[in-house]
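Architecture at a glance
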Amino acid sequence: ARQRFAVLDKNRQILIKNLQNEVTKKCAPPHASTDAMFAAGTGTILLRSDERISLFDIAQRKAIAELSTPVVKYVSWSPDMSRVALLSKHGVVIANKKLEQLCMVHETIRIKSGAWDGNELFVFSTLNHIKYCLANGDAGIIRTLDEPLYISHAQNGTIHGLDREGKVRKVIVDVTECQFKLCLYKKEFERVIRIIKQAKLSGHAIIAYLQKKGFPQVALHFVSDEQTRFNLAIECGNIDVALQAAHALDSKENWQRLGVEALKQGNHQVVEMAYQRTKDFEKLSFLYLITGNIEKLRKMLKIAEMRADKMSRFHNALYLGDVADRVALLQEVGQLPLAYMTAATFGLTEAAEAIGAQLAAAGLPLPSPLSHAPRLLYPPLPILREANWPLLTVSKGTFERSLTEGGGDAGLDAAVDLDEADAGGWDNDLDLDLNADAAGFGGGIGGGDGVGDGDIGGGDDIGGGGWDTEDLDLDLSGVPGAAMPTSGYYVAPTAGQPTAARWSRDSRLAADHVAAGSFETAMQLLQRQFGIINFGPLRSLFLGIASASHCLAAPSSAAPPMPSPLLRANNWPRVCISLPALIDRLKATYTLVTTGKFQEALEAFGDLMAATALTNVESRQQIGELKELLRICREYVTGLRLELARKQSTEPKRIVELAAYFTHCNLQPAHTMLSLRSAMTLAFKAKLMLSAASFARRLLELNPKPEIATQARKVVQLCDSNPTDAFALAYDERNPFVVCNSRFVPLYRG
C-alpha cells in the first residue's frame, strides 16, 4: 500500500511495516518452505516456495492462487498489472493477474533479465541474445548481443539496460516481427496490413508461422515462388490463385492436387480442366456423367475408340446407355455369350439372332437368361447439369480487400471535387432562384430560363419526362431484408485453435504433450527431464494416452462423430495413467513374483517403470510415492534379471554368485525370504558351507514360517561343524555394493 511495505524475516514470517519501520501485522506464509517474496500490486504479494509461486492476500491471510513453476528468480509485471512474467534460470512463464499460466518458454542458456514492452510483449535477454515472448506462446530472437545486457526498460523498440561494467546502454531494435505476430494474435487486421505494406517481411519462417496460425491467405502475399503460392492457395481453398499458379507450373502433380481441391468445392469446370491436363480419361468420363454433359461424354466414347481402349469404351457406352455399341464391343473382343445376353435382354432381336448364329457355327450353346424378369441398366439422370455447386456469397476479407485494392477505401465511390461542378455540362442546372414564387417548386428538374415561369415540372419539354419521380418509385415492401445493410456481408468465422494445441504449447508435462498428440515435443521433454533416449518401450503408452484423452460424441447417425477432450483441473487433459492405478498394478505384479512367473513379472515391472515417466502428480506427497514406486521397480527388475540369468547359466560357481547377488536386492520381505532360501539351498548343495550358513542366518532374522526356520537352523548346525567353502566366490556380503545390470557383477563402494 502507499504507507506500508512487507518484509520476509529470517523466521520466514511475513511482517507488514509502516514507514516508521514499525510492525503493524504478522502473517504466516501458506508454505513453510517459503524463501522469497515479490511485489504483486496493492494488498497482495508473490511468495516463492520450492517449485511453486503463490499469490498471497494480506487482508485474507491466505493464498488465493498458486502456480507450479521452476524456481523463480525475478518477477516482472506489465504496466497495467494484467500480466506477470516469472523468470527462472532457464525458463519464462507468462501468467495473468490471477496467476493462471498463459504460456511457458524454455531456454537452454541462462536467462539474465527481462522487461515488458507494453502489456502484450515481453522482452528478455540471455547470454548472447535479446528475445521476445507473447502471451500466446510465440517466441523468437530479436537480435544478438556482443556482451550480456541486463534489461531495465523496453518501449517501442528502444531497450535500456546495464552491461557488466555497470554502464547504462541504449539499444535500438527492430520489433516489426514481434508487432506483426502480436497484431495477428489480437486480430488487429488493419495494423497487420499496414505492417505488411511498410515492412519487408519475408522468408520461409514467416510463411511457416502464418500457415501454423491458420492464415495461409495472408502468407500468399509474401511469396513470389509459384510452387509456394500454389501450396498456400490449395491450403486456404483459393481456387483462382491456385489455377494461375498451376498454369505457370504446368506439372501433372499440381494439376492433380488442384483437381482434388476443386472437386471438394464443387467447381467442376476447374476439375474438368485439371483432368484434361493430366489426361485422366476415366475420371473425366465420370465427371461428365454426374454433371449430365452428354455431348462431351459422346466425345469421350470417340476418344476411347481412337485410343483403342476397350475398357474405357465399354464404360463410356455404359454411361451413355448405348446398348448397340456395347454389343458391338463385346463381339469385337470375342465375348459372344455376353454379347448375345446383352442384345437379347435389351430387345435387339436382329443382333441377338446374328450372334446366336455365330455361336451355333462355333458349336457353342446359347446362354440361358439369368433372370426371368431382367431389368434394363440405364444411367440415372442428373438433377444438376453443367453448373458449379452453389456457394455462400461472402465479402472479401480484410487482407484480400486491402491488399488487392492497394489499401485505403477505394471502391465504387469516386473522389469528387464539388468546386469544379460549375464547369462543363452542369452550367445553370445547379442554380436555383430562391426568390421565385413558391409555386415555381412544383416538379422535377427543369431547364433554361423557365424557372420563374413555373415550368419546372413540365415533362414534354425535357424529352418525355425521363426523370419523373413516378418512374423511379419501386414497390419493395414485399422483399424480405430490403432495408439498408448496416454491418456488411456475412463473413464465415475463422477456425479456432483446438484445445490440444494449448496443451502442447503451455504445459511442461510430457503426459500432456502426449495427450495432445505432440509426440515429438513429448520426447524432447522426456529426454531433457529424465535423459530418456530409447522411446520404443513407451510407444504403447503414447498411443494409449493420446487415444484416451478424447471421447467421441455422435450428434446424429448421419453426421461424423465429434471429438471432445476429457479434462482435469484448469482445462488440462485427463491422463489415463494415475498413481493409484500404478499401485494396483504393482500389487498384481507382486503376485507374479510370488508364483515364480519371473519373465512375466519382469515385463510388468518394466511397463510400470515406463509409466512413471508419464504419470502426473498433484502434491509433493505423491511425488515421493512415485519416486518410491520407481525405486521398487528398479530393485525388482535387477533381481529378476539376476534370477533369469541364473537359470540360464550352467557353471556352478556362477549360479551361486547370481543367487547371492539376488539376496541383496531390496525386495518385499516374503520375496527376500524366497531369495535367501534359494541361495542357501544352492550354496549347501555346492559344498559352500560358510556361505550357506550366512544365508541361513539372514533368513532366520526375517522370522520365516516354523518349518522353514527349522530347516535353516539345521543348515546352520551342519555348516558350523565344517565352516569351509569348496571354492571362492566373487562375493563379499560385508562390503556394500550395487549390481551392474550389464555384466551382472558387484560394484563395491570401497
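Since we're looking at a predicted model, the values are computed, not measured.

Rules used in this analysis
- Residues numbered from 1 in each chain as written.
- Predicted model: local features only at pLDDT ≥ 70, side-chain atom pairs only at ≥ 80, totals over all residues.
- Heavy atoms only, no water.
- Pairing = 2+ DSSP bridges.
- Helix = DSSP H or I, 4+ residues; strand = E, 2+ residues; numbered from the N terminus.
- Patch = residues over 30% accessible without salt bridge, like charges linked within 9 Å, V, L, I, M, F, W, Y side chains within 5 Å.
- Areas by Shrake-Rupley, 256 points an atom, 1.4 Å probe, with all protein chains shown as cover.
- Salt bridge = Lys/Arg side-chain N within 4 Å of Asp/Glu carboxyl O.
- Buried < 20%, exposed > 50% of the residue type's maximum accessible area, 1.4 Å probe, protein only.
- Phe/Tyr/Trp six-rings, centres within 6.5 Å; stacked < 30°, edge-to-face > 60°.
- Contact = heavy atoms within 4.5 Å.
- Axes fitted to C-alpha atoms, helices over the stretch in contact; angles between N-to-C directions.
- Parallel < 35°, antiparallel > 145°, perpendicular 65-115°, else oblique.
- Left-handed = near helix turned anticlockwise from the far one by under 90°.
- Expected span 1.5 Å × (residues − 1).
- Arc of directions from axis to C-beta.
- Core = buried A, V, L, I, M, F, W, Y, C linked by side-chain atoms within 4.5 Å.
- Polar contact = N/O pair within 3.5 Å; in protein donor to acceptor, adjacent residues only side chain to side chain.

Attention now goes to the pairing of strand β8 (residues 72–77). Pairing of β8 with strand β9 (residues 83–88) involves five bridges; the strand directions are antiparallel. Counterpart to Trp77 in the pairing with β9 is Val84. The loop that links β8 with its antiparallel partner β9 comprises five residues; one of these, Met81, has a positive phi angle of about 60°.

Together, Tyr150, Leu162 and Val168 give the surface a local cluster of nonpolar side chains, amounting to about 270 Å² of exposed area. Taking relative accessible area as the criterion, Val168 reaches 66% and is therefore assigned exposed.

Here the focus is the packing of aromatic side chains. Across all of its chains, the model carries eleven aromatic pairs by this definition. For the pair Tyr590 and Tyr636, a centre-to-centre distance of 5.5 Å together with 45° between the ring planes defines the contact as tilted. Here the residue Tyr590 occupies a position in helix α21 (residues 579–594), and Tyr636 occupies one in helix α23 (residues 620–648), the gap between them amounting to 46 residues. Classification of Tyr590 as buried rests on a relative accessible area of 16%. Residue Tyr636 is classed as buried on the basis of its relative accessible area, which comes to 1%. Look at Tyr731 and Phe737: their rings are 6.4 Å apart centre to centre, the planes differ by 85°, and that puts the pair in the edge-to-face class. On the basis of relative accessibility, which here comes to 16%, the residue Tyr731 falls in the buried class.

With that settled, the discussion passes to the side chain of Thr126. Structurally, the position occupied by Thr126 is in strand β13 (residues 121–126). Under the relative-accessibility criterion, Thr126 is labelled buried at 1%. If we ignore the near neighbours within four places in the chain, the residues touching Thr126 are Ile109, Arg110, Ile111, Lys112 and Leu145.

Quick look at the pattern of salt bridges now. Should the charged atoms of two oppositely charged side chains come close, the side chains can pair. Summed over the entire model, instances satisfying the criterion amount to 21 salt bridges. With a shortest N-O distance of 2.4 Å, Glu643 and Arg646 are connected by a salt bridge. Here Arg646 and Glu643 lie together in helix α23, a separation of three residues that amounts to about one turn. Across the pair, exposure class does not vary: Glu643 and Arg646 are buried alike.

Turning our eyes to something else, we now look at the packing of helix α25 (residues 669–685) against helix α26 (residues 689–700). Following both chains from N to C, one finds α25 and α26 inclined at 160°, their axes separated by 8 Å at the closest point. Between α25 and α26, the angle falls in the class roughly antiparallel. When you trace α25 past α26, the crossing you get is left-handed. Mapping the contact onto sequence places Met673, Leu676, Arg677, Ala679, Met680, Ala683 and Phe684 in α25 and Met689, Ser691, Ala692, Phe695, Ala696, Arg698 and Leu699 in α26.

Below, the discussion takes up helix α10 (residues 294–307). An α-helical turn contains 3.6 residues, so a residue and the one three or four places further along point in the same direction. For α10, which comprises 14 residues, the first-to-last C-alpha distance of 20 Å matches the rise-based estimate of 20 Å (1.5 Å per residue) to within 8%. Along α10, the positions that sit buried rather than exposed are Leu297, Met300, Leu301 and Ala304. Projection of α10 onto a plane perpendicular to its axis shows the buried side chains occupying an angular sector of 105°, all on one side. For α10, the exposed residues set more than 90 degrees away from the buried face come down to Glu295, Lys299, Lys302 and Met306. Turning to α10, the residues buried within the fold contact α9 (281–291), α11 (310–320) and α12 (323–332). Two residues or fewer after α10 comes Ala308, characterised by a positive phi angle close to 60°.

Phi at Arg12 is positive, roughly 60°, even though this residue is not glycine. Within the secondary structure, Arg12 is located in the loop between β1 (4–8) and β2 (14–18). Of note in this structure, Phe744 is not a glycine but carries a positive phi near 55°. Following the sequence through the fold, Phe744 ends up in the loop between β21 (737–739) and β22 (746–748).

Across the sheet, four strands lie side by side as β12-β13-β14-β15; this open sheet has antiparallel pairing. The open sheet has two edge strands with one neighbour each: β12 (111–117) and β15 (139–144). Geometrically, the sheet is characterised by an average inter-axis angle of 25° between neighbouring strands, direction not taken into account. As judged from the five bridges shared by strand β14 (residues 129–134) and β15, these two strands associate in the antiparallel manner. Within β15, the position partnered with Ile130 by the bridge is Arg143.

To continue, consider the sheet that holds β9. Strand order in the open sheet made by the four strands is β8-β9-β10-β11, with antiparallel pairing throughout. Single-partner strands in this sheet number two, and they are β8 and β11 (101–106). Sheet twist, expressed as the average angle between the axes of neighbouring strands with direction ignored, equals 15°.

Here we take up the nonpolar core. Ranked by internal contacts, the top residues of the largest apolar core, which has 72 residues, are Leu526, Leu538, Phe605, Leu614 and Phe695. With ten residues, α23 is the largest single contributor of residues to this core. Setting aside its immediate chain neighbours within four residues, Phe605 contacts Leu586, Thr589, Tyr590, Val593, Cys633, Tyr636, Val637 and Leu640. Formed by 26 residues, the second largest nonpolar core is a distinct cluster that contains Phe230, Leu243, Ala262 and Leu297.

Next up on the list: the environment of Lys181. Along the chain, the position of Lys181 falls in helix α1 (residues 176–186). Residues Lys181 and Ala139, spaced 42 residues apart in sequence, show a C-alpha to C-alpha distance of 9.7 Å. Looking at Lys181, its side chain comes within polar contact range of the side chain of Tyr132, at 2.9 Å.

On to helix α27 (residues 706–721), then. Counted at 1.5 Å a residue, the expected span for α27 with its 16 residues is 22 Å, and the 23 Å between its end C-alpha atoms agrees. Taken residue by residue, α27 has Ile708, Ala709, Ala712, Val715, Val716 and Cys719 as its buried positions. Projected down its long axis, α27 shows its buried positions confined to an angular sector of 120°, all on one face. Turned more than 90 degrees away from the buried face of α27, the exposed residues are Pro706, Glu707, Lys714, Gln717, Leu718 and Ser721. Buried residues in α27 make contact with α25 and α26.

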